[in-house]
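Observations on the three-dimensional arrangement
The primary structure of each chain is shown beneath.
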Amino acid sequence: MMHGSEPRPPALAVSGVSHFYGRRKALDDVTFAIAPATFTVLLGLNGAGKTTLFSLITRLFATRRGTIRIFGHDVAAAPGAALRVLGVVFQPRTLDLDLSVTQNLMFHAALHGINAREARERARAVLDEIELSARANDKVRELSGGQVRRVEIARALLHRPRLLVLDEPTVGLDINARAAMLAHVRALVMAGVTALWATHLVDEVADDDDVAILHEGRVVAHGPVARIVRAAGAPDLRAAFTQMTSDAAAQASEAAA
């Protein structure tokens, strides 16, 4: 007879993941885990490996070295169970510009096996949440960049995932749209969704966030902002990030020499 409850698995557990493009190593033994109902920032410069890691998490690429588990479900061994609890906002815009907002949502719902009646109800609900109900029948190409991103988040949440991953979601948005999107995703986390937010922008990180710093395919730091700043002996996260990525680059150069 078991006493107490089983410990909850991490929302996302990445263990020993490496990935190659030919001879080039894009990810090198990446290991980190994030807790449920938290906002974690995957922070790295362009080319650090963020999109490659997202491609593995979402199974666009097969995981050949290491394991990725979403709420305990192995992405490689049990992809159906893993992807059912995963919502994704990719860096490129992926809505059909010539379909209406509702048509895009209905198409996504059908892919997840949601019947038409339930899909319409969910579409109305998510559009209410993002305050775009008035644009439900407009073509996506008529929306602003910020509105398109909000619809993409709504679409990602349509099948009620527990983990939402967003790859550089604010690229191309103005400062107000960026702030609104961050606030929206943080509100989702407060409601119980787990979020992994990839960015190269340090100013998108809040003081109470969890941060994984990815540099040249390796995780060089992971933890609360305060702990990372303290470990680096830096005045703030921007300085810590600059220092850690510079140190990692110098060590790589020495190793190659």
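The shown structure was predicted, so the numbers you read here are calculated from the model rather than taken from an experiment.

Across the five residues of strand E3 (residues 39-43), five count as buried, placing the element largely inside the fold. Here E3 shows no split at all, with Phe-39, Val-41 and Leu-43 on one side and Thr-40 and Leu-42 on the other all buried. Bridge count for E3 against strand E8 (residues 194-199) is five bridges, and the pairing is parallel. Each bridged residue has a counterpart across the sheet, and for Leu-43 the counterpart in E8 is Thr-199. Here E3 pairs with strand E9 (residues 210-215) via four bridges, running parallel. Across the sheet, the residue bridging to Leu-43 is Ile-213, located in E9.

Most often, soluble globular proteins have nonpolar side chains that are buried together. Grouped together as the largest cluster of nonpolar side chains are 33 residues, with contacts concentrated most on Ile-153 and Leu-164. Secondary structure elements with two or more residues in this core: E3, helix H5 (145-157), strand E7 (163-167), helix H6 (175-190), E8, E9, helix H7 (225-232) and helix H8 (237-256). Here the element with the most residues in this core is H6; it accounts for six residues. With residues near it in sequence (within four places) discarded, Leu-164 still touches Gly-87, Val-88, Val-89, Ile-153, Ala-156, Leu-157, Leu-188, Val-193, Thr-194, Ala-195 and Leu-196. One finds Phe-32, Phe-54, Leu-56 and Val-85 within the second-largest nonpolar core, a separate group that totals 28 residues.

With that settled, consider the packing of helix H3 (residues 101-111) against H5. As a packed pair, H3 and H5 sit with axes 9 Å apart at the nearest point and diverge in direction by 30°. By the criterion of interaxial angle, the relationship of H3 to H5 is roughly parallel. The two elements H3 and H5 cross, and the hand of that crossing is right-handed. Across the interface between the two elements, Val-101, Asn-104, Leu-105 and His-108 from H3 touch Val-151, Ala-154 and Arg-155 from H5. When the residues that make up the contact of H3 with H5 are grouped by side-chain class, the tally is four nonpolar, two polar and one charged.

A separate point is the sheet that holds strand E1 (residues 12-21). Reading across the sheet, the four strands line up as E2-E1-E4-E5 and stay open at both edges, with antiparallel pairing between neighbours. Only two strands of the sheet have a single partner each, and these edge strands are strand E2 (24-34) and strand E5 (73-74).

Time to look at the pairing of strand E4 (residues 65-70). Across five bridges, the pairing between E1 and E4 is antiparallel. The residue bridging Val-14 from the neighbouring strand is Ile-68, located in E4. Judged from the two bridges that link them, E4 and E5 form a sheet pairing that is antiparallel. Note that in E5 the partner of Arg-69 across the bridge is Asp-74. The turn joining E4 and E5, which pair antiparallel and follow one another in sequence, is formed by two residues; a positive phi near 50° is taken by Phe-71.

In this section: the pattern of salt bridges. Here the structure, examined in full by the defined rule, presents 12 salt bridges. Asp-28 is paired through a salt bridge with Arg-218; the nearest N and O atoms lie 2.9 Å apart. Of this pair, Asp-28 sits in strand E2 while Arg-218 sits in strand E10 (residues 218-224), and the two are 190 residues apart along the sequence. Salt-bridge contacts for Asp-203 lead to Arg-178; the nearest nitrogen and oxygen are separated by 2.9 Å. Taken together, the residues Asp-203 in the loop between E8 and E9 and Arg-178 in helix H6 connect sequence positions 25 residues apart. On the basis of relative accessible area, Arg-178 is assigned to the buried category, the value being 17%.

Within the structure, the side chain of Arg-178 is placed 3.1 Å from the side chain of Glu-204, a separation counted as a polar contact. Every residue in contact with Arg-178, bar those within four places of it in the chain, is listed here: Thr-170, Leu-173, Leu-201, Asp-203 and Glu-204.

The next subject is H5. Given a rise of 1.5 Å per residue, 13 residues ought to cover 18 Å, and the 19 Å separating the end C-alpha atoms of H5 matches this to within 8%. In terms of residue burial, H5 counts as a mostly covered element, since 11 of its 13 residues are buried. For H5, every residue scored as buried is listed here: Gly-146, Gln-147, Val-148, Arg-149, Val-151, Glu-152, Ile-153, Ala-154, Arg-155, Ala-156 and Leu-157.

Conventions adopted
- Positions within a chain are numbered from 1, following the residues in the order the chain's sequence is written.
- Local features are withheld for residues below a pLDDT of 70 in this predicted model, meaning they are given only at 70 or higher, and side-chain atom pairs are given and counted only at 80 or more; totals for whole chains, interfaces and linings count all residues.
- Side-chain measures were taken over the full set of non-hydrogen atoms in the model, leaving aside hydrogen atoms and water.
- Accessibility here uses a 1.4 Å probe with only protein chains present; expressed as a share of the type maximum, an area under 20% marks a residue as buried, one over 50% as exposed, and anything in between as partly exposed.
- Comment: elements are numbered from the N terminus, with helices defined as DSSP H or I runs of at least four residues and strands as E runs of at least two.
- Each pair of strands is called paired provided DSSP finds at least two bridges between the two strands.
- Only buried residues count toward a nonpolar core, which is a set of Ala, Val, Leu, Ile, Met, Phe, Trp, Tyr and Cys residues joined through side-chain atoms within 4.5 Å.
- What makes two residues a contact is simply this: any of their non-hydrogen atoms within 4.5 Å.
- Each axis is a line fitted through C-alpha atoms, and for a helix only the stretch in contact is used; angles between axes span 0 to 180 degrees, taken between their N-to-C directions.
- Note that the term roughly parallel is reserved for angles under 35 degrees, roughly antiparallel for angles over 145, roughly perpendicular for angles of 65 to 115, and oblique for everything else.
- For any pair of crossing helices, the crossing counts as left-handed if the nearer helix is rotated counterclockwise from the farther one by less than a right angle, and right-handed if it is rotated clockwise.
- For this scheme, ten residues count as nonpolar: Ala, Val, Leu, Ile, Met, Phe, Trp, Tyr, Cys and Pro. Four count as charged, namely Asp, Glu, Lys and Arg, and the remainder, Gly too, count as polar.
- One side-chain nitrogen of Lys or Arg within 4 Å of one carboxyl oxygen of Asp or Glu is enough to make a salt bridge.
- For the purposes of these results, a polar contact is taken to be a pair of N or O atoms within 3.5 Å, where, inside protein, one atom must be able to donate a hydrogen and its partner to accept one; residues adjacent in sequence count only when each atom of the pair is a side-chain atom.
- Given the number of residues in a helix, its expected span is that number minus one, multiplied by 1.5 Å.

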